[in-house]
Amino acid sequence: GLDMQDIAAAAAEVEGAAPVQVPSEAAMKAAAAAHMPRLDKEYESAVERYKQSLAIKADFYEAAIAWGQQAFERAKLYHVSSKDAKGAAKKKASAEADAMFVLAEEKFTAALAMLPAEEPKAAAVAAEEAAASTSGAGEVVAVDAAAVAEA
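None of these values were measured; they are calculated from a predicted model. Counting restarts for each chain: residues are numbered from 1 in the order of the written sequence. With pLDDT at 70 or above as the cut-off, local features in this predicted model cover only qualifying residues; side-chain atom pairs require 80 or more to be listed or tallied, and sums for whole chains, interfaces and linings still use all residues. Heavy atoms from the whole structure form the basis of all side-chain values; hydrogens and water molecules are not counted.

Caption draft 1: Up close: helix α3 (residues 61-84). Here a helix means four or more residues in a row that DSSP labels H or I, a strand means two or more in a row labelled E, and each is numbered from the N terminus. Multiplying 1.5 Å by the helix residue count minus one yields the expected span of that helix. In this model, α3 (24 residues) spans 36 Å end to end at C-alpha, consistent with the 34 Å of a helix rising 1.5 Å per residue. Relative accessibility under 20% of the residue-type maximum defines a buried residue, over 50% an exposed one, and the middle range a partly exposed one, all with a 1.4 Å probe and only protein chains included. Turning to α3, its buried residues are Ala-63, Ala-64, Trp-67, Gly-68, Ala-71, Arg-74, Ala-75, Leu-77, Tyr-78, Val-80 and Ser-82. Lining the buried residues of α3 we find α2 (25-56) and α4 (87-114). Contacts between residues were defined by any pair of non-hydrogen atoms, one from each residue, lying within 4.5 Å.

Caption draft 2: The packing of α2 against α3, seen in detail. Relative orientation of the contacting elements α2 and α3 amounts to 155°, with a least axis distance of 9 Å. On the basis of their axis angle, the class for α2 and α3 is roughly antiparallel. Of the two elements, α2 crosses α3, and the hand of that crossing is left-handed. The residue inventory of the contact of α2 with α3, partitioned by class, reads 15 nonpolar, three polar and nine charged. Axes here refer to lines fitted to C-alpha atoms; in helices the fit is confined to the stretch in contact. Angles between the N-to-C directions go from 0 to 180 degrees. Put simply, angles under 35 degrees are roughly parallel, angles over 145 are roughly antiparallel, angles from 65 to 115 are roughly perpendicular, and the rest are oblique. A crossing counts as left-handed when the near helix is turned anticlockwise from the far one by less than a right angle, and as right-handed when that turn is clockwise. Note on residue classes: Ala, Val, Leu, Ile, Met, Phe, Trp, Tyr, Cys and Pro are nonpolar, Asp, Glu, Lys and Arg are charged, and everything else, Gly too, is polar.

Caption draft 3: The arrangement of the packing of α3 against α4 in detail. Following both chains from N to C, one finds α3 and α4 inclined at 160°, their axes separated by 7 Å at the closest point. The orientation of α3 relative to α4 falls into the category roughly antiparallel. The crossing of α3 and α4 is left-handed. Taken together, the residues of the contact of α3 with α4 sort by class into 17 nonpolar, six polar and six charged.

This is the structure:
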């Protein structure tokens with residue numbers, strides 16, 4: 001099967017794509033082992049700021065996206081650290097990883113619900129404006145409104 005390294009390498013080969021840097025599992029395990037207490041404190045501090053931001057502006061989807069991304073990254077660290085853990089430590093790390101993956105999905109879903117609604121007639125208005133404009137020769141530019149609405 002494909003792992004994250006394979007996926008990153010495939011993505012990097014796409015013409016014009018920026019190189020993707022995915023840390024190895026060994027690097028993630030080392031980071032988790034060496035820095036998890038500090039990362040947990042930083043995560044909790046960030047969560048407080050996300051909560052404050054959302055209390056001020058309930059539809060601040062950027063905060064929900066950032067919170068979801070932080071939860072996802074934290075889940076990955078707990079997941080890799082659970083692989084070598086034993087007993088209660090393994091159970092705790094696995095449970096935290098699972099909870100963070102669920103939280104990430106919840107925050108991303110919430111962010112999608114916060115996005116401003118698109119104007120239902122925006123495509124039709126754009127098509128009408130385009131149809132009303134004229135080309136350099138003074139001819140009206142024909143626009144297929146159905147095609148614009150589908151786009």
